[in-house]
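# Inside the fold
Below are the chains, spelled out letter by letter.
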Amino acid sequence: MNITRTKGDKVFDTIIIIIVSVILFLFPLLNVLASSFSSADAIVAGKVGIFPQQFTLNGYKQILQNQSIWKGFWNSIKYTFIGTIIQVTCQMLCAYPLSRKDFKGRKFLNLFLVLTMFISGGMIPTYLLITQLHLYNTMWAIILPGCISVFNIIVIRTYMESSIPKELQEAAMIDGCSIMQIYFKIVFPVIRPIIMTVAILNAMWIWNDYLLPYLVIGSEYKTISVAIQYLRGGYGSIDLGLMMSMLVLAIIPIVIFYMICQKWIIQGVIAGAVKG
């Protein structure tokens, strides 16, 4: 059934989108940005809205002088870059056999993977597992747990199933191609859009993650998100100006990254929705 949208409907939708965007995204971002340029007293008094109060650059000056903060920032960049490559590679290799209907045990493995999305060990078993594997306080404690992201595997698998005809792979095998040749010469070029989308989502997840690095990484290898909670001038006291400046430092790179890669995310999500 075709539904004709009037001009009034479009105007109403636009207004709702603007209101929601301002409330959920724009105002909080502007508030954090304004707070980073405001004094701690103004922040505590609740005087800061979207404009700085008692303008100061003390927070950013402290960041420039604090090597520990820059080390956390560098750790986040390193974990995000290396982790994204390793995680996407593992997810691609896992999704390919699950997309082949001639793979024995395919249905069981698909069901097993889906069950793990609903039944998980939780925080304490994850910590114990990482500790017993001697991964505590290493980069791999952050990277390896995300290598088998069931959601990403299902997205890639579904895209492979709908984008690559079975007859094309059979023809390549008749011509003498091995499984690896089929994967790299036929499958990989076709699935580049969804690979880009999954890579972006993985990178954003690693950069923004707080709980896992907080549990399994010590202060020497902490990420920028964990470094924020170390900003305490004494027992029970927090330098709010410095904390807000740190939040800006943590937010701006991922916002810029998202804006640059937004078209890839939209293309991948639309393609997955249509093909799935």
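Preceding block: the structure.
This report concerns the structure included in the present document. From a predicted model like this one, the values you see are computed outputs, not experimental measurements.

## Structural notes on the pattern of salt bridges
According to the stated counting rule, one finds two salt bridges in the structure shown. Two residues, Glu161 and Arg106, come together in a salt bridge whose shortest N-O distance is 2.3 Å. Of the two residues, Glu161 sits in helix H8 (residues 150-163) while Arg106 sits in helix H5 (residues 106-118), which places them 55 residues apart along the sequence. With a relative accessible area of 29%, Glu161 lands in the partly exposed category.

## Brief notes about the nonpolar core
Ile156, Met160, Val187, Ile191 and Ile195 are the most contacted members of the largest nonpolar core, which totals 22 residues. If you list the elements that add at least two residues to this core, you get helix H4 (67-99), H8, helix H10 (179-190) and helix H11 (192-208). Ile63, Trp207, Ile224 and Cys261 belong to the second largest nonpolar core, which has 16 residues in total.

## Let's talk about unusual backbone geometry
Even without being glycine, His134 reaches a positive phi, approximately 60°. With respect to the element layout, His134 can be found in the loop between helix H6 (123-132) and helix H7 (140-143). Positive phi is not limited to glycine here, since Asn137 has a value of about 65°. For Asn137, the location among the structural elements is in the loop between H6 and H7.

## Quick word on the side chain of Lys222
Relative to the assigned elements, Lys222 resides in the loop between helix H12 (211-216) and helix H13 (224-227). Looking at Lys222, the relative accessible area reads 8%, which means it is buried. Excluding its chain neighbours within four sequence positions, the residues that come into contact with Lys222 are Ser68, Gly72, Asn75, Ile217, Ala227 and Tyr230.

Parameters at a glance
Residues numbered from 1 in each chain as written. Predicted model: local features only at pLDDT ≥ 70, side-chain atom pairs only at ≥ 80, totals over all residues. Heavy atoms only, no water. Salt bridge = Lys/Arg side-chain N within 4 Å of Asp/Glu carboxyl O. Helix = DSSP H or I, 4+ residues; strand = E, 2+ residues; numbered from the N terminus. Buried < 20%, exposed > 50% of the residue type's maximum accessible area, 1.4 Å probe, protein only. Core = buried A, V, L, I, M, F, W, Y, C linked by side-chain atoms within 4.5 Å. Contact = heavy atoms within 4.5 Å.

Taken by themselves, the reported measurements are silent on function.
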